[in-house]
Amino acid sequence: KLIGYNSHGYDDVMIKYLIQNMDCDNMDLYRMSKAIINNDRDVVNYYKYEQSIESIDIMTFLASSKLRVSLKHLQVIIKWHNLEEFEVDWDAPLPEERWEACIKYCINDVLSLKAVCKELESGFKLREFVAGETGLNVESKDPVKIAEYTMSKAIAEAEGMNVDKWMRKKINENRPVGEIVVRDLLFPFVKFKTQRFRDVLSVYQNLAFDPAVEQAKPVDQRWGHPMRFDKMWLVFGLGGLHHNYGKKTGKKKFKSRGLIHKEQPGSQLLMPDVSSYYPSMRIKHIPHKLDPHFLTEYEKAYAEKGQAKAAGNKELEAYAKLRLNSIYGLYNSLYSPVYQPAVSYATAINGQLMLAMLIESLDMAGVEVLGTNTDSVTVRVRDEQMEEYHKVCKWWEEATQMKLDHDEFSAIYEQSCNNYIATMPNGYVKTKGSMVPDLQMLKGYKHPIVQKAVIDYFTKGVQIEKTIRECDDIYDFCMTSKMGTSTSTGARFEAYHRGVKLQRTNRYYAAKGPESGYLYKNCGKGNQHVLKGTGVVIMNEFIEKDDYGVDYEYYERAARKVIREIKPEQTMMLL
């Protein structure tokens, strides 16, 4: 079985063509290659869908089309030693003197993909498990597609149809929904006791919008309704509820401000978190057009998640989570058989209002509410309030039919609502957003040593200089840039370092010394700094050195900047 990267779209087609046309010459292969690149379906489709070879495409394995990354990106993430590109005139014969370099480049790509696959071991195991459970081949499908395909199979079989025919039929039946009237989506038990929250509910009751129009807007221009709540803002919208301690500068814009919350004598820092919030809401309160079969399969996944977690069955638990969570985004996809935007918005909007009910009641009971984010609320509860706190939580659970878990924290170091470090009494450190130091396959790569230094500073009291200067992994100091095109001219940027033109994607670190130089990009309108304030050393190929000439001060400044954002000057106004 073959494993490739973007192999279903190119490599597999070329291999199948070659197998069936063994007498072809280089010009025939070139014409086939151009047909693939130019998306000539009349030429390509026969070979693309012909089943003569088995293969796994890691590009489609990892993510849906909007989130896909290049193999070079993955090489950066796994700290591959050689970040190599091969640039040539692809419409001309390859000069013989470059044959060896081309072979070396191809071998490097193959070996790096093998290393990527080692990092994806749990993903391969999950797909093997799903195949055993369902009989479906999901080897090259991303998590969302696995959820969609397996859920569709269960529903199709319940309706006595083949899954592929059923999916095509349902997708062909889809039509844009047009205007959604929010009043029609609201749960009858969503009610408030104070005027400021009643005003928020009234705004939703009078709101109507077109999902397609709203989704086409930039994120910061989508509908929102900030509400002043003590020292922060509660930001309502069409997604998850969140808070912001910054100064409001526009309808939905805020100047970011960090904050630190610490457990104090005589009180606890708690985060009541709704267990499986969106799936629970879907099961309890929100019907889908594909019910009862959809609901039957969804409830099965919900039960399996709990059973698998108790039994330590990681594959079943991961599969159940996929079906519960990954399906949510498909409610808004016109190209999915489970398309029904009203389900998505009913979940998100009622989810916000239900959390607001909890916030209002805790506040009325005298409990200090410190923040909220999608499915949780952060509170400080004094010892004498603990009984009342649990009474309010129990009332909320009964009113909403949801279940709350109660995590305790010793400290929360918040850069913003979605970016924070939190410590628990048992020593566990939770990080979110930009504070996560571990590299993730689909995320960007930017000097993880800075996050590590900030985490050590807040959780261990270690000075940032110590963490940064004692780090002996040069990859932790690295950053990457991929040359794109100018938004004003459309011209492609070229990268230059010490007068040498570089490849499109480059890995580098801030440095001083004789090897250092400024990194520029240019698209014909003059040089632009890629990294201001410091020279860099290009490290597309790892070379072991006794002294890398790292500009430690650059990383210390970056870490101090994050610390200042989390721990701002005490004189700064909150709002």
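Numbering of residues starts from 1 in each chain and follows the order in which that chain's sequence is written. In view of the model being predicted, local features appear only for residues whose pLDDT reaches at least 70, and side-chain atom pairs are presented and counted only at 80 or more, with totals across whole chains, interfaces and linings using the full set of residues. Hydrogen atoms and water are omitted, and side-chain values are computed over all heavy atoms in the structure.

**Describing the pairing of strand S18 (residues 479–482)**
- Type-normalised accessible area, obtained with a 1.4 Å probe on protein chains alone, sets the label of each residue: buried when under 20%, exposed when over 50%, and partly exposed for intermediate values. Comment: elements are numbered from the N terminus, with helices defined as DSSP H or I runs of at least four residues and strands as E runs of at least two. Residue alternation in S18 divides its side chains into a buried set, Met479 and Ser481, and an unburied set, Thr480 and Lys482.
- Think of it this way: DSSP has to see at least two bridges between two strands before they count as a pair. The pairing of S18 with strand S21 (residues 505–511) spans four bridges and is antiparallel. Bridge assignment links Ser481 to a residue of S21, and that residue is Asn506.

**A few points about the pattern of salt bridges**
- Every case where a carboxyl oxygen of Asp or Glu lies within 4 Å of a side-chain nitrogen of Lys or Arg is listed as a salt bridge. Tallying each qualifying case throughout the model produces 36 salt bridges.
- Between Lys1 and Glu139 there is a salt bridge, with its nearest N and O atoms 2.5 Å apart. Of the two residues, Lys1 sits in the segment before strand S1 (2–4) while Glu139 sits in the loop between helix H7 (121–134) and helix H8 (143–158), which places them 138 residues apart along the sequence.
- Since its relative accessible area comes to 22%, Glu139 is described here as partly exposed.
- A salt bridge links Lys512 to Asp551, with the nearest nitrogen and oxygen atoms 3.9 Å apart. Remark: Asp551 occurs in the loop between strand S24 (535–538) and helix H19 (552–566) and Lys512 occurs in the loop between S21 and strand S22 (519–522); sequence separation between them is 39 residues.
- Note on Asp551: relative accessible area 4%, which makes it buried.

**Overview of the sheet that holds strand S7 (residues 242–244)**
- Taken in spatial order, the three strands of this open sheet run S5-S6-S7, and their pairing is antiparallel. Single-partner strands in this sheet number two, and they are strand S5 (224–229) and S7. Strand-to-strand twist in this sheet, taken as the mean axis angle between neighbours without regard to direction, amounts to 30 degrees.
- Pairing of strand S6 (residues 232–237) with S7 involves three bridges; the strand directions are antiparallel. What sits directly across from Leu234, in S7, is His243.
- Against the sheet, helix H10 (residues 195–205) engages S5 and S6, with an angle of about 175 degrees to S5. Note on geometry: axes are lines fitted to C-alpha atoms, helical ones only across the stretch in contact, with angles between N-to-C directions running from 0 to 180 degrees. We call two residues in contact whenever any of their non-hydrogen atoms come within 4.5 Å of each other.

**Side note on the sheet that holds S18**
- Reading across the sheet, the three strands line up as S18-S21-S24 and stay open at both edges, with antiparallel pairing between neighbours. What marks the edges here is a single partner per strand, and that holds for S18 and S24. Strand after strand, the sheet turns through a mean of 45 degrees between neighbouring axes, direction not considered.
- As paired elements, S21 and S24 share four bridges and run antiparallel to each other. Looking at S24, one finds that Tyr509 is bridged to Val537.

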